[in-house]
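Spelled out, the chains give:
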Amino acid sequence: MQEIHIKDKTIKLKESNEVWMPTRFGIALGELILEGARPNPRVLELGVGSGVLSILCGMWGTKVTALDINMAALELTEENWKLNGLPQENLEVRYSDLFSGMDENDVEGYSLLFSNPPTFPGLPPDYLLRKSRDEWEFAGNDGRLVLDAVITQGSSWLKTGGRMVTIATSKQGWNQTVELMDKHWKKWKILRTEDLPLADYYDPYIELWVQKSKKENQVRIFKKNGKWQQRLYFIEAFKN
Ligand SMILES: C[S@@+](CC[C@H](N)C(=O)[O-])C[C@H]1O[C@@H](n2cnc3c(N)ncnc32)[C@H](O)[C@@H]1O
């Protein structure tokens, strides 16, 4: 078991090799979620993983709908929710490829939507039968699949005035993100940026991002102190 500290909250998490466990930027997203905390009667998370961020919201007494394509993540979220002493009736986990687990009753039903999306480029051939934690991090061409769903479909689940918070990275092409955000959200801004060295598991994609950077005249990854880095953009938007 591990304990994650986000501001004044401590979240207990059982771990699993099949599920993404919190990283520094997931925790940073949690801090931003807390900073904008308002009475949030209903919260929606796409890509719940271990449950860490949904549990954070559950600690406000909020009702949470948590989506993931990885069944092991949904099971672990339920366990971790209980481990933190939260009422079972406040959590609903749903198997969902992007927003496929949502239906017409969910339209405009939520005050807060957030996602820490996966960013590996490509999809495994048997993409619905992925096994390891990392296999669930593939997000299609450019690693944009989940991010684009949040940007292009997210507002339909939000009430008027509802808030969306997510993370985009330069690896996915920041120009494309800005274009989509401008198209789908009238009111949005960057809350924070952070430059982070690329983890070793991104090594196979470095050449791809270098070539794309040259072709597109935008920086996807860059070198600082001899190490490849990505820039993270923490984004907030509101539904008009
Ligand atoms: C980077 S992890 C974030 C986990 C957790 N929210 C956190 O911040 O630690 C991304 C999550 O998205 C899920 N995911 C990947 N592709 C998905 C898809 N197409 N639909 C729904 N969830 C997906 C993965 O299984 C994983 O749990």
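About the criteria used
Within any chain, residue numbers begin from 1 and follow the written order of that chain's sequence. Local features in a predicted model are, by the rule used here, given only for residues with pLDDT of at least 70; side-chain atom pairs are given and counted only at 80 or more, and totals for whole chains, interfaces and linings are based on all residues. The side-chain numbers reported here are obtained from all heavy atoms of the structure, hydrogens and water having been left aside. Under the DSSP-based scheme used, a helix requires at least four consecutive residues in state H or I and a strand at least two consecutive residues in state E, with every element numbered from the N terminus. A radius of gyration in this sense is built from C-alpha atoms; the matching globule rule multiplies 2.2 Å by the number of residues raised to 0.38. Between buried and exposed lies partly exposed: a residue is buried under 20% and exposed over 50% of the maximum accessible area for its type, with that area taken using a 1.4 Å probe on protein chains only. Every residue pair with non-hydrogen atoms within 4.5 Å of one another is taken to be in contact. Note on geometry: axes are C-alpha line fits, over the in-contact stretch for helices, and angles between N-to-C directions span 0 to 180 degrees. Relative orientations are named as follows: roughly parallel for angles under 35 degrees, roughly antiparallel for angles over 145 degrees, roughly perpendicular for angles from 65 to 115 degrees, and oblique for any other angle. Ring geometry is summarised as follows: Phe, Tyr and Trp rings, the Trp one being its six-membered ring, pair when their centres sit within 6.5 Å, and such pairs are stacked at plane angles under 30 degrees, edge-to-face over 60 and tilted between the two. In this analysis the charged atom, NZ for Lys or CZ for Arg, is taken to sit over a ring once it is within 6 Å of the ring centre and within 35 degrees of the ring normal. Of the grid points, spaced at 1 Å and generated over the protein atoms alone, those admitting a 1.4 Å probe that cannot get out make up cavities, while open sets with protein on both sides within 12 Å along at least five of seven lines make up pockets; any residue with an atom within 4 Å of a point is treated as lining. Grid points are joined across faces, edges and corners, and a volume is the space filled by probe spheres set on the points. Proximity criterion: a residue is near a molecule or strand once any of its heavy atoms comes within 4 Å of it. Here a polar contact is recorded for every N or O atom pair within 3.5 Å, except that within protein the pair must consist of a potential hydrogen donor and a potential acceptor, and residues adjacent in sequence are included only if both atoms are side-chain atoms. For accessible areas, the Shrake-Rupley method is used with a probe of radius 1.4 Å. Any residue's cover is judged against the shown protein chains and nothing else. Each molecule is checked against the cavity or pocket grid, and it sits inside if more than half of its atoms lie within 2 Å of the grid points. Basically, the charged four are Asp, Glu, Lys and Arg, the nonpolar ten are Ala, Val, Leu, Ile, Met, Phe, Trp, Tyr, Cys and Pro, and anything else, Gly included, counts as polar.

- Per an unreviewed UniProt entry, the protein chain carries the name Methyltransferase small domain-containing protein.

## Examining the overall build of the protein chain
Part 1 of the argument: Counting secondary structure elements, the protein chain contains 6 helices and 10 strands.
Part 2 of the argument: Taking 2.2 N^0.38 as the reference for a compact globule, 240 residues should give roughly 18 Å; the C-alpha atoms of the protein chain span a radius of gyration of 17 Å, in line with that estimate.
Part 3 of the argument: Put simply, the protein chain has 240 residues, and 54% of those count as buried.
Part 4 of the argument: Sequence separation of at least 24 residues holds for 71% of the intrachain contacts in the protein chain that already meet a minimum separation of 6.

## Observations regarding the packing of helix α4 (residues 145-153) against helix α5 (residues 174-184)
Part 1 of the argument: Interhelical geometry of α4 versus α5 gives an angle of 25° and a closest axis separation of 8 Å. The angle between the axes of α4 and α5 places the two elements in the roughly parallel class. From α4, L147, D148, I151 and T152 reach across to α5, where they touch T177, L180, M181 and H184.

## Re the packing of aromatic side chains
Part 1 of the argument: By the definition in use, this model includes 11 aromatic pairs.
Part 2 of the argument: Seen from their ring centres, W20 and Y201 are 6.5 Å apart, and the 75° between their planes marks the pair as edge-to-face. Highlighted residues: W20 in the loop between β2 (9-13) and α1 (24-35) and Y201 in the loop between β8 (187-197) and α6 (206-216), separated in sequence by 181 residues.
Part 3 of the argument: Judged by its relative accessible area of 32%, Y201 is partly exposed.
Part 4 of the argument: Taking the centre distance of 6.0 Å and the plane angle of 70° together, the rings of F120 and Y205 count as edge-to-face. Taken together, the positions of F120 in the loop between β6 (110-115) and α4 and Y205 in the loop between β8 and α6 put the pair 85 residues apart, joining distant regions of the chain. Of the two residues examined, F120 and Y205, each falls in the buried class.
Part 5 of the argument: The ring of Y202 has K171 lying over it, and the distance from NZ or CZ to the ring centre is 4.2 Å.
Part 6 of the argument: The positively charged end of R192 is found above the aromatic ring belonging to F234, 5.7 Å away from the centroid.

## Let's talk about empty space enclosed by the protein
Part 1 of the argument: Applying the stated criterion to the full structure yields 1 cavity of 30 Å³ or more.
Part 2 of the argument: In this structure, the largest cavity encloses a volume near 590 Å³.
Part 3 of the argument: Along the walls of the largest cavity sit 44 residues, with G47, N116, P117, P118 and E137 positioned nearest its centre.
Part 4 of the argument: Elements that contribute at least two residues to the lining of the largest cavity include exactly α1, β3 (42-46), α2 (52-58), α4, β7 (158-169) and β10 (227-238).

## Side note on α4
Part 1 of the argument: For α4, the set of buried residues is V146, L147, A149, V150 and I151.
Part 2 of the argument: In this structure, the buried side of α4 is in contact with β3, β6, β7 and α5.

## Digging into the site of the ligand
Part 1 of the argument: Inspection of the region around the ligand gives 20 residues, with E45, G47, D68, D97 and L98 positioned closest.
Part 2 of the argument: Within the backbone of L98, a nitrogen or oxygen atom sits 2.8 Å from a nitrogen atom of the ligand.
Part 3 of the argument: Here the ligand loses 98% of its free accessible area of 600 Å² to cover by the protein chains.
Part 4 of the argument: In this structure the site holding the ligand corresponds to the largest cavity.
Part 5 of the argument: Every element with two or more residues in the shell around the ligand is listed here: β3 and α2.
Part 6 of the argument: The class makeup of the residues in the shell around the ligand is 11 nonpolar, 5 polar and 4 charged.

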